[in-house]
Amino acid sequence: MKSFICPGRPLDGLTVMSFLNGLVFFGPVSLLVRTTAGVSVSQFFLLQAALSLAVLLGEVPSGRLTDRIGCRRSILLYEFLFVMARVLLLTAFLTRSLPLFWLEAMVEGAALSFESGTLSAYLYGTLPPERYLTSLARVRNLETAGFVVSTLCYAGLYAVGGIPVLLAASALTSFLAWLASFSLPLLPVQRRPPRTETAPRPGLAHMVLTRRALALIAALAALNMGQILVNFFYADKLLACGARAEWLTAIILGYSVIQMLSGPLLDRLKPEHTLQALAGLFVLAGAGMAVLGLIDRTLPAVALMLTLPLLLRMPGCILEKIQNNLVDAAGQEERRAEALSLFNMSGSVFEVMFLVGSSAVAAAGPAACFGAAGLLLAASGWAAYKILS
């Protein structure tokens, strides 16, 4: 274990922390956790909307605080908040307390607001620029690996003690992830040279309102919408196309494993081809979403569901790198976490809108939802390519 958490090697600590963060054993029954404790489906959506709203309201303040206390301390803080959220969820389930479910949503929202932009800023400030993209993909893959392991362990743990055991195991792994975060080095391994120009630098508001930043924000929002649709409607769509319910777990594990190809694929990406790859991935993801909404055959639907998560993850990693580059170009390195939080707010806005209006989205039907998301993805990706290039 010593080699995994050796101080001074940030990815070693992140290896353990990221894998443990992916171990959410109650994930397959997250809705059932609430409804079994007396929460209605409508209240569940309101709880999720409250969580997203907490993230939205906390984005900029948490980013500003992160820039003051440092990314490592912010990581320690949000990992501790995740532990508190898991403990609150277990307590709320055991006591069947709706107020505790609301409190858990607020605490988890606070944790997610601190997490937003912090890990990206930490990696970008710690690693050489040429290693950032593949290292970010590796961290995401470790979280996916944790998700795969927790899905495989779900049935066994549920048989041992039901939902309480699932929640307790998730709280334990969150606590271990918090302990692992203490192994992260306090100071960056590599520091970028200081800026020498004396001209005044524009503020964050000016940076975010530039054409390039707005193009990135629009692309990020479209990407988040695509991910939300896949997460919410994949089961309904596959079942409507004739897939059997017992296939769903295997399909989830399959697309999770395929997602982990993002690291090797991005490692092969040449820096001069970054924008072309971004546009191509957005167009491919958009076309896949639109086709998925139209087809009604089992095999094509399963094939698209296995590949869409990969097509959505890769441009997400590229967008984070371009956002950091934009922060550098604006001379806002000292406010990196706050700037990245401003970028991420757009995704939170769209998520809150989607959750609050979930009944209206469902009434439109999966085909219309996937088709609209596909067009949005393709258009925003192409627009980002034209503006950024």
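Residues numbered from 1 in each chain as written. Predicted model: local features only at pLDDT ≥ 70, side-chain atom pairs only at ≥ 80, totals over all residues. Heavy atoms only, no water.

**Things to note about the overall build of the protein**
No. 1: Per the secondary structure count, the protein includes 16 helices and zero strands.
No. 2: Burial status across the protein gives 52% buried among its 389 residues.
No. 3: Only carbon and sulfur atoms are counted for the fraction: they give 68% of the accessible area of the protein, which is about 17300 Å². (Helix = DSSP H or I, 4+ residues; strand = E, 2+ residues; numbered from the N terminus. Buried < 20%, exposed > 50% of the residue type's maximum accessible area, 1.4 Å probe, protein only. Areas by Shrake-Rupley, 256 points an atom, 1.4 Å probe, with all protein chains shown as cover.)

**So, the confidence of the model for the protein**
The predicted coordinates should not be examined in detail at positions where pLDDT is low.
No. 1: Predicted confidence across the protein gives a mean pLDDT of 82, with 87% of residues reaching 70 or more.
No. 2: Put simply, helix α15 (residues 358-364) is where the protein has its lowest mean pLDDT, 55, and helix α4 (residues 71-95) is where it has its highest, 95.
No. 3: Across residues 1-10 the pLDDT falls below 50, and counting only partners more than four positions away or on other chains, this stretch makes 21 contacts in the model.
No. 4: Residue range residues 187-200 is modelled with pLDDT below 50. Its contacts to residues more than four positions away, or to other chains, number 19 contacts. (pLDDT = per-residue confidence, 0-100. Contact = heavy atoms within 4.5 Å.)

**Some details on a nonpolar patch on the surface**
No. 1: Side chains of L172, F175, L176, L179 and F182 sit close together on the surface and give an oily, nonpolar patch of about 430 Å² of accessible area.
No. 2: You can see F182 is positioned in the loop between α7 (129-181) and α8 (204-208). (Patch = residues over 30% accessible without salt bridge, like charges linked within 9 Å, V, L, I, M, F, W, Y side chains within 5 Å. Salt bridge = Lys/Arg side-chain N within 4 Å of Asp/Glu carboxyl O.)

**A closer look at the nonpolar core**
No. 1: In terms of nonpolar packing, the biggest core is built from 102 residues, with L238 and F343 touching the most fellow members.
No. 2: When residues in this core are grouped by element, the largest group, 15 residues, is from helix α13 (residues 298-329).
No. 3: Apart from the residues within four sequence positions on either side, L238 is in contact with A243, L248, I251, A301, V302 and M305. (Core = buried A, V, L, I, M, F, W, Y, C linked by side-chain atoms within 4.5 Å.)

**Some words on the side chain of S341**
No. 1: By the element assignment, S341 lies in helix α14 (residues 336-356).
No. 2: Residue S341 is classed as buried on the basis of its relative accessible area, which comes to 0%.
No. 3: A distance of 3.2 Å separates a polar side-chain atom of S341 from the backbone oxygen of E59.
No. 4: Non-local contacts of S341, meaning those with residues more than four positions away in its chain, are made with E59, V60, G63 and S116. (Polar contact = N/O pair within 3.5 Å; in protein donor to acceptor, adjacent residues only side chain to side chain.)

**Points about empty space enclosed by the protein**
Empty pockets left among the atoms are what a rolling probe the size of a water molecule brings to light.
No. 1: Under the criterion given, the structure shown has one cavity of 30 Å³ or more.
No. 2: Approximately 40 Å³ is the volume found for the largest cavity.
No. 3: In this structure, the largest cavity is lined by R34, L47, Q48, L51, F101, E104 and A105.
No. 4: Among the secondary structure elements, those contributing two or more residues to the lining of the largest cavity are α3 (41-69) and α5 (98-115).
No. 5: Residue composition of the lining of the largest cavity, by class: four nonpolar, one polar and two charged. (1 Å grid on protein atoms, 1.4 Å probe; cavity = no way out; pocket = protein on both sides within 12 Å on 5 of 7 lines; lining within 4 Å. Points joined across faces, edges and corners; volume = space filled by probe spheres on them. Nonpolar A, V, L, I, M, F, W, Y, C, P; charged D, E, K, R; others polar.)

**What about α3?**
No. 1: With 29 residues, α3 extends 39 Å between its outermost C-alpha atoms, agreeing within 8% with the 42 Å of an ideal straight helix rising 1.5 Å per residue.
No. 2: Of all the bends in α3, the greatest, near 45°, is centred on E59, and the proline P61 appears no more than four residues after it.
No. 3: Looking one or two residues beyond α3, the residue adopting positive phi is G70, at roughly 100°. (Expected span 1.5 Å × (residues − 1). Bend = angle between axes of the 7 residues up to and from the residue.)

**So, the environment of P300**
No. 1: When you line up the elements, P300 lands in helix α13.
No. 2: Residues P300 and C241 lie 59 residues apart in sequence; the distance between their C-alpha atoms is 9.2 Å.

**Some points on the packing of α4 against α7**
No. 1: The interhelical angle for the contact between α4 and α7, taken along N-to-C directions, is 165°, at an axis separation of 9 Å. Overall, the two elements α4 and α7 adopt an arrangement that is roughly antiparallel. Between α4 and α7 lies a crossing of left-handed hand.
No. 2: For the contact of α4 with α7, a count of residues per class yields 18 nonpolar, three polar and three charged. (Axes fitted to C-alpha atoms, helices over the stretch in contact; angles between N-to-C directions. Parallel < 35°, antiparallel > 145°, perpendicular 65-115°, else oblique. Left-handed = near helix turned anticlockwise from the far one by under 90°.)

**Looking at the packing of aromatic side chains**
No. 1: With the rule as written, the count across this model stands at seven aromatic pairs.
No. 2: Ring geometry for F80 and W178: centres 5.4 Å apart, planes at 55°, overall tilted. With a gap of 98 residues between them, F80 in helix α4 and W178 in helix α7 connect regions that are remote in the sequence.
No. 3: In this structure W178 comes out as buried when scored by relative accessible area, which is 19%.
No. 4: A connected cluster of aromatic rings, assembled from ring pairs, spans F80, F175, W178 and F182. (Phe/Tyr/Trp six-rings, centres within 6.5 Å; stacked < 30°, edge-to-face > 60°.)

**Some details on unusual backbone geometry**
No. 1: A positive phi angle, close to 55°, is found at R96, a residue other than glycine.
No. 2: With respect to the helices and strands, R96 occurs in the loop between α4 and α5.

**A word on helix α10 (residues 248-259)**
No. 1: Taking 1.5 Å per residue, twelve residues should reach 16 Å; α10 reaches 16 Å between its end C-alpha atoms and fits that length.
No. 2: Turning to α10, its buried residues number three or more, namely L248, I251, I252, L253, Y255, S256 and Q259.

**What to know about the environment of D67**
No. 1: Mapped onto the fold, D67 is located in helix α3.
No. 2: For the pair D67 and T118, spaced 51 residues apart in the sequence, the C-alpha separation amounts to 9.0 Å.
No. 3: Setting aside its immediate chain neighbours within four residues, D67 contacts E334, R335, R336, A337 and E338.
No. 4: A polar contact is formed between the side chain of D67 and the backbone nitrogen of A337, at a distance of 3.0 Å.

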